[in-house]
Each structure stands twice: as structure tokens, then as C-alpha cells.
Amino acid sequence: MTTLRCLLAMTLAATAAGEAALGEEGGAVRRAARLAKGVVLDGLFSGVGTKADTRPSADGAAQAGPDVPTDMATIARLGFDHVRLEFDAGESAAGEDAVPLDPRRLQRLDQALDAAASAGLAVIVCPCLDQAGTVKLFRNRSMLRGYAALLRELAGRLSGRNAETVFLQVLGEGFVDDMDLWDLMMEMLTAQGRRGWPGGTLIVPRNACVDGRWDVAMGLMLGRQVSDANVIYDVSFYDPVLFTHQGAAGRFGYTGSLRGLPYPGSPDALRPVLLEIRDVPARAAAQEYGTEGWNAGRVRREVDRLADWSDRWKVPLRCGRLGVRREGPPASARAVWLGDVRAAIEKRGMGWTVRQWRGEFGLTGGENGQAMEPALLRALGLKPAPLP
């Protein structure tokens, strides 16, 4: 059986559960309002870092993670209303015989959910794969079955929680150059999640890859919606990628060779920066960025394209990941970009989740991730507050 036929069989097997959720129409819109402004909190099963690491320690226990109750309390005090708990699902989706989550990790998840509830925060639980892992998932039948088992177990685990404040995202952000396969995969994964949690609202990511290029709005327009009505659609917003990912090696073309690109961008603003870029292709890319007119108005137009799709189809849409790297962009430009994106999203009535609490895109810094950046919090419309 091919992977495609496997996808079809798994989707049809879950059709009854998916149809049972159609009566929830309208509930997803109401619940989406509970996810107005949040932050990604990753590393749930690991030490603090830019990406969750689910490998066990030498004694078999899950590695120590961040102080989740303290993080939750601080996040709530700053004015966020939800967190997105991300963890690396690569090990759990290794194959159909893989154990999705061992009891110690499930216990840590429960503790994080309890801490969020105590702080008054809603939670999005989001298993993630990197781009290579996502492509492999789509092409490997054994890995697909393993991930489906993980999703069902998570959904069943969350079904005992308050569905008004706890959500399950079926996969992390999408960047796969096969729109039809992505749509089929989302249908199947949504159905698997529904089997485990008939009354929960699921979050479905949209594919941002169009002909090998990052284009979130076009991905929305070309993609198909899932048949389940009790869902919220999710997109990421990193435009312009050359600015938000500058300094990151191996990401999006020439970003690894770039530092100090300003925002807003203009030919005059870029002129002194171009003199410092020795790599000729990188300099050409930066020069082109300066002519593209990236400013608050351009950001609003791009966000309007996303919101117009949501209005046209009358389905809830949110920005589940927006962010700009800590290292690379000028600090002041980083704050301006976050403020412009946040304002544009809120103007159209959508919710957002900023990436991330600490790490590569973090709002906090220092050796222990305890130094707040008030300028970023003000840009996000929040209230700076000292840590206890």
C-alpha cells in the first residue's frame, strides 16, 4: 500500500468521528477569541533551548525542563492570555511501533496544563517536526502511523480538560512543496485527533509553500479546508523573511550572511548596511529587500490578505507563530516590526502567538532566560513587569 493510499484509508476510518464534530460549528469561532495574545513556550521535555529535545537522560528520565509554573505565572502577569506548548515529536513519531509518550512526559504535560490553568492561561498543545521531519512524515507510512498514534493519545489525554481553554494543534507550521498531499494529510490528522477528542477544538496549520517559495496568503487561497467544522486554522508570519531570519545559517537563502538589516526597509536605510556585506549574492538580496517597501503599510496589506480569506470563508484564522530573531536584526528594528505585525493582526480581529518566550526568537534573555526586554513587550501591547 502506498503512503497516499494509507492516508486515504486512515482518513476514511475516522470519518464517523469527524462527522460527529460538525455539530460544533460556531464553537470554534467562540473559542478562538480565547486565544488573543500568547507566546510559544517550548522545551517542555528538555532543558531551556531553542528547540525541545525529547531524548532521555542517562538514567532514563526525561531531561529537566524549564520552571514551568514560574514561567506561566510571569507570562500571565505580563498580560498574555495563552501559551503554545511545543515539543519535538520526532522520536515519538519514529514508527508505528514507537511509544508515543512515556508516562513521565505525560506527567510533565499534565503539570504544565495545571500550571497554566492556575495562572488563568489557555493552552495550545502542539507536537512539532522540523521541515525534514515533516517531509519524511508525509512520505513514510510507518512514521505516519506512529505520528497518528501520538496524536490520538494526546487528544485522548486532553479530552478530560476544559475544551474552552485547551486546544490541540495537529502539526506545527507547514512548508511542504506539495499542496494536494498537505491538504490530504491535514484531513487525516484532523480526523485522528477527532477520534481521541470528539468535543475539542483542533488547530489546523496551513501550508506556506507555493512552488518552493514562502507565500502564506497564496497557500491559504490554493489549499482546501478540512471537513471538520470545529477547527481553527493557523498560519505563521515572518515576512519579510530576510529581515526576521537574518543571521540564521542555512535558513532561507542568504540570511546567514546578513546582519543589521533595518526595518522599515528603504534604499536609503540599506545603503550603509550594504557597504558591510562582502558576499555578493547576499548583498544583492539585501539591496532588493530595500526596494520592496517593507513598513507598517506593507505589513497591513499582507495581513489583510490573510484576514480576507478568513472573512470570505467564514472560518476562524489565527497567527500561531510570528517572530524575529534576537541576534542579527537591530534591537530597535525588532521592536518596531513586532509592533507593526501585532497591530495589523489585531486590527483584523485575529489572535496571535509570538515566538517565543526564550531562545532564538525569545522575548527573554540572559544565561537563565530571566532578563526581560520591556521594549518588545510594549511593542506587543503588554505591560512590562519584573520577575518575582
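Residues numbered from 1 in each chain as written. Predicted model: local features only at pLDDT ≥ 70, side-chain atom pairs only at ≥ 80, totals over all residues. Heavy atoms only, no water.

*Asks:* I'd like a description of the side chain of Ser236, backed by residues and values.
*Replies:* When you line up the elements, Ser236 lands in strand E8 (residues 231–237). Engagement of the side chain of Ser236 in a polar contact is seen with the side chain of Glu173, the distance being 2.8 Å. The residues touching Ser236, leaving out its near neighbours within four places in the chain, are Glu173, Trp214, Val216, Cys319 and Arg321. (Helix = DSSP H or I, 4+ residues; strand = E, 2+ residues; numbered from the N terminus. Polar contact = N/O pair within 3.5 Å; in protein donor to acceptor, adjacent residues only side chain to side chain. Contact = heavy atoms within 4.5 Å.)

*Asks:* Now, about the packing of aromatic side chains: what can you tell me, with residues and values included?
*Replies:* This model, assessed by the stated rule, comprises seven aromatic pairs. With 5.7 Å between their ring centres and 90 degrees between their planes, Tyr233 and Trp309 make a pair best called edge-to-face. Taken as a pair, Tyr233 in strand E8 and Trp309 in helix H13 (residues 296–313) lie far apart in primary sequence, 76 residues in all. For Trp309, a relative accessible area of 8% gives the class buried. Among the aromatic residues, ring-to-ring pairing joins Trp214, Tyr238 and Phe361 into one connected group. Here Arg298 stacks its cationic end above the ring of Trp294, 4.0 Å away from the centre of that ring. The ring centre of Trp313 lies 4.2 Å from the NZ or CZ of Arg312, which sits over that ring. (Phe/Tyr/Trp six-rings, centres within 6.5 Å; stacked < 30°, edge-to-face > 60°. Buried < 20%, exposed > 50% of the residue type's maximum accessible area, 1.4 Å probe, protein only. Lys NZ or Arg CZ within 6 Å of the ring centre and 35° of its normal.)

*Asks:* Can you break down the packing of helix H7 (residues 141–158) against helix H8 (residues 179–196) residue by residue, with the values?
*Replies:* Orientation of H7 relative to H8, taken along the N-to-C sense of each, is 40 degrees, at an axis distance of 7 Å. With respect to each other, H7 and H8 are oriented oblique. The two elements H7 and H8 cross, and the hand of that crossing is right-handed. In this structure, H7 uses Leu144, Tyr147, Ala148, Leu151, Arg152, Ala155 and Gly156 to contact H8, whose residues at the interface are Met185, Met188, Leu189, Gln192, Gly193, Arg195 and Gly196. Here the residues of the contact of H7 with H8 are counted per class, giving eight nonpolar, four polar and two charged. (Axes fitted to C-alpha atoms, helices over the stretch in contact; angles between N-to-C directions. Parallel < 35°, antiparallel > 145°, perpendicular 65-115°, else oblique. Left-handed = near helix turned anticlockwise from the far one by under 90°. Nonpolar A, V, L, I, M, F, W, Y, C, P; charged D, E, K, R; others polar.)

*Asks:* Hey, could you go over helix H12 (residues 280–291) for me, with residue numbers and the actual values?
*Replies:* Taking 1.5 Å per residue as the helical rise, H12 with its 12 residues ought to reach 16 Å, and the 17 Å between its terminal C-alpha atoms agrees with that figure. Taken together, the buried positions of H12 are occupied by Ala282, Ala285, Ala286, Tyr289 and Gly290. Projected down its long axis, H12 carries its buried residues within an arc of 145 degrees, all on one side. Along H12, exposed side chains directed more than 90 degrees from the buried face belong to Val280 and Thr291. Residue Gly293 follows H12 closely and has a positive phi angle near 70 degrees. (Expected span 1.5 Å × (residues − 1). Arc of directions from axis to C-beta.)

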